[in-house]
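Each chain, letter by letter, is given below.
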Amino acid sequence: RESCSFAEPTDQVLLHLISSQKPQLLPDGVICLSDDLENQLLLHYDTEQWKAESEHITVTDESLTRVWGDSLYRIQFKLRHVVQQGDWVFRMIEK
């Protein structure tokens, strides 16, 4: 759950998640993260409120690559509408 209140109305609200697994942006507001053992995490969000995108990040720092590998993914949620306050729910379901 994410809640906020702004002094002025804005549509410049961005939320970010970082994952070591490549996200699959599925229809109907679902993002699937899967590992090599076929464990899955499904992230549900409201597509009327949020636009989701993902970006690949190449990890070059040796101390980070030992833990995370050579790739990370930034999942960005951008608010679709102007708000002055908000209360949003993101659900994660492990499969």
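Residues numbered from 1 in each chain as written. Predicted model: local features only at pLDDT ≥ 70, side-chain atom pairs only at ≥ 80, totals over all residues. Heavy atoms only, no water.

S.K.: What exactly am I supposed to notice about the sheet that holds strand E4 (residues 30-34) here?
M.R.: Within a sheet, neighbouring strands are paired by backbone hydrogen bonds and run either parallel or antiparallel to one another. One open sheet holds the four strands; their spatial order is E3-E4-E5-E9, and the pairing between them is antiparallel. Only two strands of the sheet have a single partner each, and these edge strands are strand E3 (24-26) and strand E9 (91-94). Going from strand to strand, the sheet's axes swing by 25° on average, the running direction of each strand aside. (Pairing = 2+ DSSP bridges. Helix = DSSP H or I, 4+ residues; strand = E, 2+ residues; numbered from the N terminus. Axes fitted to C-alpha atoms, helices over the stretch in contact; angles between N-to-C directions.)

S.K.: How do you make sense of the packing of aromatic side chains when you look at a structure like this?
M.R.: Two numbers describe a pair of aromatic rings. These are the distance of the centres and the angle of the planes. Tallying each qualifying case throughout the model produces five aromatic pairs. With a centroid separation of 5.1 Å and 65° between ring planes, the pair formed by tyrosine 45 and phenylalanine 77 is classed as edge-to-face. Of this pair, tyrosine 45 sits in the loop between strand E5 (40-44) and strand E6 (50-58) while phenylalanine 77 sits in strand E7 (residues 71-79), placing them 32 residues apart in sequence. For the pair tyrosine 45 and phenylalanine 77, one class covers both residues: buried. Three or more aromatic residues joined by ring pairs form one cluster here, namely Tyr45, Trp50, Phe77, Trp88 and Phe90. (Phe/Tyr/Trp six-rings, centres within 6.5 Å; stacked < 30°, edge-to-face > 60°. Buried < 20%, exposed > 50% of the residue type's maximum accessible area, 1.4 Å probe, protein only.)

S.K.: Please explain the sheet that holds E6 as it appears in this structure.
M.R.: Ordered in space as E2-E7-E6, the three strands form an open sheet in which the pairing is antiparallel. The strands lining the two open edges of the sheet, one partner per strand, are strand E2 (14-19) and E6. Taking the axes of each pair of neighbouring strands and ignoring which way they run, one obtains an average angle of 20° across the sheet.

S.K.: Teacher, can you tell me more about the nonpolar core here?
M.R.: The nonpolar side chains of a soluble globular protein tend to be buried, and buried together. The biggest cluster of nonpolar side chains holds 14 residues, and the ones touching the most others in it are Ile31, Tyr45, Trp50, Phe77, Leu79, Trp88 and Phe90. What phenylalanine 90 contacts, discounting residues up to four positions off in sequence, is Leu15, Leu43, His44, Tyr45, Trp50 and Phe77. (Core = buried A, V, L, I, M, F, W, Y, C linked by side-chain atoms within 4.5 Å. Contact = heavy atoms within 4.5 Å.)

Keep in mind these values describe shape, not function.
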